[in-house]
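Here is what each chain is made of, one letter per residue.
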Amino acid sequence: MKKVLIWVLSVSLLMSFFLFSYEAGAKEQIVLRITDWQAGVDNILNSYKEFIRIFEEKHPGVKIKYTQYSYTTYGEFLKPAIAAGTAPDMFAVYPGAELAKLVPSGALVPLSDIMDDQWKNWLGKAYYFNGARVNGKLWVAPQDAQTECIWIYKDMLEACGMKVPPVGQPVTVDDLIKLVEPAKQHGWDVILAGFKDYYSSCDAYYNMVHQLQKSDTPDMIMKAFNGEVSWQQDIFRLPMEAFKKMHKAHVWREDAINMDYQVQAWGKWLNREGIDIWCNCDWFAGSCPYEYNNPDNPDIGTFMYPLVNKNATPAYNWGFGTDLGIYSRGKHQDLCKEFIRFTNSPEGAKIFIKNYVNPAASGAVDISTIPKTDNPIFNECIKLFSSVKGRRSEYFYTQADQQDALFAGIIDVMLGQRTIDEVLAHLDEVCGYKGKK
Amino acid sequence: MKSKTLSYGIRKQRDFGFYIFSRIVIVITIVVILFPILYIFSVSLRTKDTLYKSKFYLIPEAITYQNYVDAFNYAKAHLDVSFFEMFRNSIICTGVSITIAIILSAFASFGFSNFRFRGKELIYTLIIATFAVPVQASLIPLFFINRDLGILNTYLAVILPYIGFTIPIATLILRSFFEQIPVEIKEAARVDGVSNFQMFLKIILPLSKPAIATCGILLFLETWNEFLFALIFLQNPKIQTFPVALAKIAGGKYLVPLGIYTASIMITVIPILIIFLIFQKWFISGVTLGAIKG
Amino acid sequence: MNRFQKFHQSVVVPYLWLMPALIFLLVIVFLPVAVSLILSFYRFTGYELNIFNKFVGIYNFKFLFHQRYFWISLRNTFYFVGSMTFIQTTISLFLAIIIFFGNFKYSSLIRMLIFFPGVLAPVSVSLAWRKILEQDGLINQILHTSYPWLSNVNLAIWCVIFVNIWQWVGYNLVIFYAGLEGINKELLEAADIDGANWTQKIFKIVIPFLRPTIFLNALLNLIGSFRAFDIVYVLTGGGPAHNSEVFTTLMYYYSFAPNGPSKMGVGAALAFVMFLAIIAFGIVRIKLLKEQKV
């Protein structure tokens, strides 16, 4: 009897030791936690370090803990945390469909309700960012701005016999396909993409549709997602054909269907296994190795998304990457509000720029007037965002189910599992289009 | 020597064909079985220059342990958890769940083997049928149960399911073993007037050491390599077991260089390999015994 | 003994012994499975505090059956479970017979080598094979091609099946071998004297003798393969565009995957479908088993 009791006791002691050693002890100080998914982007890390330093000086007794996750592990962390009621005080949410899935849970404070007018002015056009708005309210505050396009190794492109096109004059899809043979000689892929995530397919698709629209507005993708226009028309069909053509021509490796973008495709591009990578600007300016991104040897250049055909208008994807929200069940929401307001202020914008991050608060500072920095990629990003010679293309939409269907459709078309007509008809069904075709 | 007497000889001339055939088959099988792990091992020993060389040779041209060191540092730097912590977590989760599962199953098996009562076989069948239920079916509800109990993201969140899912096998094995204990011993004990509990503790348990060892091995295999529950319930990197951490290293944040990738795999393979080499008889007999009783 | 003592002895005490194990099983297995069915009638993403907010009846089931991915995963699960049950059992039976009758000098060493992948974590195994099967991996280097094995829509699931068989064939082999050790040698020698050739000996004597073991292995494979998650998830992640999903991974995709639709109600519905499927399989199998025994 004794032996059993001793056993049971020691086992339970062992258990409780390890269990309770992970409970957070009550602290005297106030500790705010911030998390985002920009792991690997030192520029953002440094910007926030400075924000935190200034904020902590202003508020003694408050400590801020900032953690960066990678995009893939962030979801695994955030969802259970929100479900368990232990989410951080401020957390970033990926704009668009992810935000739309999160808002109904009531985990975020509707920022547009608590923002003052000066704050809204600072944000400028970022205040109307589609990806941060659900049901007419702004739920997260954009932090950094970005222009999404393709980036290339200039030397590799020229080795394949193509000159780097000037900004505003992109090549067509067919030109990219012509690159496949010369690239193969060198053992390179033309484009490195990872189709497990939306970036490599949906973002380019949206760009192509916007190329084919009559003008900047109305946003045809938005109309289609809302079921106001039919998917079964050329403006939506031609981009799908472009994808199919490129996949068949091996513009990207067949493995790309099963690769994720941020780790595998990006890693392979850093290894110079391919000429192009589609990419955002902000985190690229921060995470590109110095050997390729220094003033003496700017070997990297920008490349717009390819034109669907010669009649299309060049378009740029623009948006806001990191967007911070306030946890509605957090205990120190006033402090959080002050912190985020600070990041959107002119002073905050200056700190961002100093760390080579394009600030979202376009109303707080005119970025076209900032002097050239010694980070060539950052300079390109600023140039693109402030003086785009083409059409602006939105690429964050909040209709989750519809986006899922589009994403699945593009992949199935590439793999030949469904015809384009089937996919477009299915999209009509999912988006609830009830009119004539 | 056993195999010699049991196996069926090659005395006759026409068995020569079978001899050749069997040798070829087995050689191919062994090569297919061993080659992947040996390949990964040899790649993990390659130096940086020879790492990406296309030739698929097994004996590396130049050996270095650098990849293993890199893997350790990588884990500590990027994952917030070192390999040691990983293994410690696995040991805790497996150790605690096996211990408790065996204890509880021993109680239950004693109950089945020692008493007669109504509904005995029904309950027993129920317990054994649990073995067939796919563990994933209870994943979602368990997630919310854990969340509401506040134990999500702690060791308990994983230990409790492990116990639940290993009790059926343990009960199966232990019960058949208990029932094999000669009745005379039990009767002699009864005559001496021992209580049930004393009989359990002083007589049945000491005699059941081999069965408990078998249970231990089988349950160890089931829980040590478990991935899904650990993936979902253990979010805090500091308490993750090694399968989850390994998947994060090799399939995670950054494109991991080949050297670190293979070295991490080998780091998780080598300990279990050593344990297997030492205890191989136990593993194999455990598996067969467990199966035969089923 | 009076009535009360009798009751005490024959009901209370036994159940006391069973109680701890039963409680665990109830809470970890039975309760969640029941709740899973209830959960499948609600729509929730897992972000909410109150998951029973939106009752949607059988909408989740309708949604599920309307999804192409569901039918793809049904086909894949069928292939996977079927291959494990039939192909793996056959291969291991074949190997067991060869080793047993082949008069190998190091037969126990051979068996140990073939068994050894079974003790490795499926995560480690799939990471190793992923490296070998990828577009610039070992297999393609040997064959001098650049074929994306794991990204081929039709081949991906068979790659997974191959790796799974690679890992577990030793497990079945060991059990078959133990079964073979009890074979009646005299019968075999008598058949030999009668001039029977190999096919006759194997099919008329050995296999009928092994029938219960064959069923046992097939059953173990069936149950084990339904549970397989790690190997599919790590090797292909569900395959090129969900073409190598099986039920377990699809359920993970719908409920927990960070880039998935977060429709946990659908995940619960799928879990329940899985549960029904294995019950159906189980009933079929037990019926077959009963017929055989009689």
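Bear in mind the structure is a predicted one, so any value in this text is a computation, not a measurement. All residue numbers refer to position in the chain's written sequence, counted from 1. Labels are handed out in written order, letters beginning with A for the chains and numbers beginning with 1 for the ligands. It should be noted that, the model being predicted, local features are given only for residues of pLDDT at least 70 and side-chain atom pairs only at 80 or more, the latter also being counted only at that level, while totals for whole chains, interfaces and linings use all residues. The basis for every side-chain value is the complete set of non-hydrogen atoms in the structure, without hydrogens or water.

Visitor: Sorry, what's going on with the overall build of chain C here?
Guide: Secondary structure follows DSSP: runs of H or I at least 4 residues long count as helices, runs of E at least 2 residues long count as strands, and numbering of each begins at the N terminus. Assigned secondary structure in chain C consists of 12 helices and two strands. Taken from the N to the C terminus, the helices and strands of chain C come in the order α-β-β-α-α-α-α-α-α-α-α-α-α-α. Throughout, radius of gyration means the C-alpha value; the globule benchmark is 2.2 Å times the number of residues raised to the power 0.38. Over its C-alpha atoms chain C spans a radius of gyration of 24 Å, topping by over 25% the 19 Å that the globule rule assigns to 294 residues. Summarising its shape, the C-alpha atoms of chain C cover approximately 80 × 75 × 30 Å along the three principal directions. Using a 1.4 Å probe on the protein chains alone, a residue whose accessible area is under 20% of its type maximum counts as buried, one over 50% counts as exposed, and one in between counts as partly exposed. Taking all 294 residues of chain C together, the buried fraction comes to 60%. What makes two residues a contact is simply this: any of their non-hydrogen atoms within 4.5 Å. Considering only residue pairs separated by 6 or more positions, chain C has 66% of its internal contacts joining residues 24 or more positions apart. Accessible surface is estimated by sampling points in the Shrake-Rupley manner with a 1.4 Å probe; for residues, cover comes only from the protein chains shown. Accessible surface, chain C: about 12300 Å² in total, of which carbon and sulfur atoms supply 68%. Asp and Glu are treated as the negative residues and Lys and Arg as the positive ones, with His and the ends of the chain left uncounted. Every charge is mapped to an atom, namely NZ of Lys, CZ of Arg, CG of Asp or CD of Glu. Across chain C, the mean location of the 21 positive side-chain charges is 13 Å away from that of the 11 negative side-chain charges.

Visitor: Mind showing me how you'd approach the interface of chain C and chain B here?
Guide: Taken together, the contact between chain C and chain B spans 97 residues of the former and 101 residues of the latter. Carbon and sulfur atoms make up 78% of the surface buried where chain C meets chain B, a total of about 8900 Å² over both sides. Any Lys or Arg side-chain nitrogen located within 4 Å of an Asp or Glu carboxyl oxygen qualifies as a salt bridge. At the junction of chain C and chain B, the tally comes to zero salt bridges. With 22 residues, the single largest contributor to the side of chain C that touches chain B is helix α1 (residues 3-39) of chain C. Looking at side-chain class alone, the side of chain C that touches chain B contains 74 nonpolar, 13 polar and 10 charged residues. Throughout, buried area stands for the accessible area (probe radius 1.4 Å) lost by two parts on being put together, summed over both. Put simply, Ala, Val, Leu, Ile, Met, Phe, Trp, Tyr, Cys and Pro go in the nonpolar bin, Asp, Glu, Lys and Arg in the charged bin, and everything else, Gly too, in the polar bin.

Visitor: Would you mind showing me how to read the domain arrangement of chain B here?
Guide: Frequently, the measure chosen for interface size is the accessible area removed from exposure when the parts meet. Residue and element names in this part refer to chain B. Split into domains, chain B comes out as domain 1 (16-64) and domain 2 (74-293). Between domain 1 and domain 2, the residue contacts involve seven residues of the former and eight residues of the latter. Between the two partners, domain 1 and domain 2, sit zero salt bridges. Identification of polar contacts relies on pairs of N or O atoms within 3.5 Å, with a donor-acceptor requirement for protein atoms, meaning one able to donate a hydrogen and the other able to accept it, and with residues adjacent in sequence counted only if both atoms are side-chain atoms. Taken together, domain 1 and domain 2 are joined by zero residue pairs in polar contact (both at pLDDT 80 or more). Counted by class, the side of domain 1 that touches domain 2 contains six nonpolar, one polar and no charged residues. What counts as a domain boundary in this text is fixed by an automatic or database domain assignment.

Visitor: Explain the sheet that holds strand β2 (residues 62-68) of chain A to me, please; I cannot follow it from the model alone.
Guide: Strand pairing in a sheet relies on backbone hydrogen bonds. The paired strands run either parallel or antiparallel. Residue and element names in this part refer to chain A. The mixed open sheet is built from five strands, whose spatial order is β2-β1-β3-β12-β6. Looking at the sheet topology across the chains shown, the edges are occupied by β2 and β6 (141-142). Paired strands, as defined in this entry, are two strands with at least two bridges between them according to DSSP. With two bridges joining them, strand β1 (residues 30-36) and strand β3 (residues 90-92) adopt parallel strand pairing. Across the sheet, the residue bridging to T35 is F91, located in β3. To get an axis, fit a line to the C-alpha atoms, keeping to the stretch in contact for a helix; angles then go from 0 to 180 degrees between the N-to-C directions. Contacting β1, β2 and β12 (323-326), helix α2 (residues 42-58) runs over the sheet at an angle of about 170° to β2.

Visitor: What is the right way to look at the UniProt feature "transmembrane region" (unreviewed entry) in chain B in this model?
Guide: Under the UniProt annotation, "transmembrane region" (unreviewed entry) lies at residues 20-41, 89-110, 122-144, 156-178, 199-221 and 258-279 of chain B. Here residues 20-41 of chain B runs as 100% helix and 0% strand, with 31 Å between its end C-alpha atoms. UniProt positions are given in the numbering used here, feature names are shortened, and annotations may be inferred rather than shown by experiment.

Visitor: What should I look at first to understand the environment of R272 of chain A in this one?
Guide: Residue and element names in this part refer to chain A. Here R272 is to be found in the loop between α13 (261-270) and β9 (274-279). Classification of R272 as partly exposed rests on a relative accessible area of 25%. Beyond its immediate chain neighbours, meaning those up to four positions away, R272 contacts Y153, D155, M156, W188, Y292 and D299.

Visitor: Is there a simple way to think about the interface of chain C and chain A in this case?
Guide: At the junction of the two partners, chain C supplies 30 residues and chain A supplies 27 residues. Carbon and sulfur atoms supply 46% of the area that chain C and chain A bury against each other, a total of about 2500 Å² over both sides. When the buried surface of chain C facing chain A is broken down by residue, Y47, R68 and P258 of chain C rank first, second and third, together holding 28% of it. Here chain C is connected to chain A by two salt bridges. Between K263 of chain C and D401 of chain A there is a salt bridge; the shortest N-O distance is 3.1 Å. Linking chain C with chain A are eight residue pairs in polar contact (both at pLDDT 80 or more). Within the residue set of the side of chain C that touches chain A, elements represented by two or more residues are α3 (68-101) and α11 (247-255) of chain C. When the residues that make up the side of chain C that touches chain A are grouped by side-chain class, the tally is 12 nonpolar, 13 polar and five charged.

Visitor: Sorry if this is basic, but what is going on with the packing of aromatic side chains here?
Guide: Between two aromatic rings, the relevant description is the distance of the centres plus the angle of the planes. Only rings of Phe, Tyr and Trp enter the pairing, Trp through its six-membered ring, and a pair is recorded when the two centres are within 6.5 Å. The plane angle decides the type: under 30 degrees is stacked, over 60 is edge-to-face, the rest tilted. Counted by the stated rule, this structure contains 76 aromatic pairs over all chains. Judged by centre distance (5.6 Å) and plane angle (65°), the ring pair of F229 of chain B and F233 of chain B falls under edge-to-face. Taken as a pair, F229 of chain B and F233 of chain B lie in helix α11 (residues 228-233) at a separation of four residues, close to a single helical turn. Each member of the pair, F229 of chain B together with F233 of chain B, is buried. These aromatic residues form a ring-pair network of at least three members: F143, F144, F165, F227, F229 and F233 of chain B together with F44, F229, Y233, Y252 and F256 of chain C. For R272 of chain A, the ring lying beneath its charged end belongs to Y153 of chain A, and the centroid distance is 4.7 Å. Over a ring means this: the NZ of a Lys or the CZ of an Arg is within 6 Å of the ring centre and within 35 degrees of the ring normal. Taking the ring centre of Y261 of chain B as reference, the NZ or CZ of K131 of chain C above it sits at 4.6 Å.

Visitor: Help me understand the pattern of salt bridges, please; the structure alone is not making it clear to me.
Guide: When the charged atoms of two side chains lie near each other, side chains of opposite charge can form a pair. Residues and elements named next belong to chain A. A full pass over the atoms with the stated rule returns 25 salt bridges over all chains. For K101, the salt bridge identified is with E98, shortest N-O distance 3.6 Å. A residue pair is termed a helical-turn pair when its members lie 3 or 4 positions apart in one helix, as K101 and E98 do in helix α4 (residues 97-102) at three residues. Overall, K101 belongs to the buried group, its relative accessible area being 11%. Look at E98 and you get buried, because its relative accessible area is 16%. By sharing partners, the salt bridges in this structure join E50, R53, E57 and K354 into a single network.

Visitor: Explain the UniProt feature "domain: ABC transmembrane type-1" (unreviewed entry) in chain C here, please?
Guide: Look at the UniProt record and you will see "domain: ABC transmembrane type-1" (unreviewed entry) annotated at residues 74-285 of chain C. Its end C-alpha atoms 19 Å apart, residues 74-285 of chain C is made of 73% helix and 0% strand.

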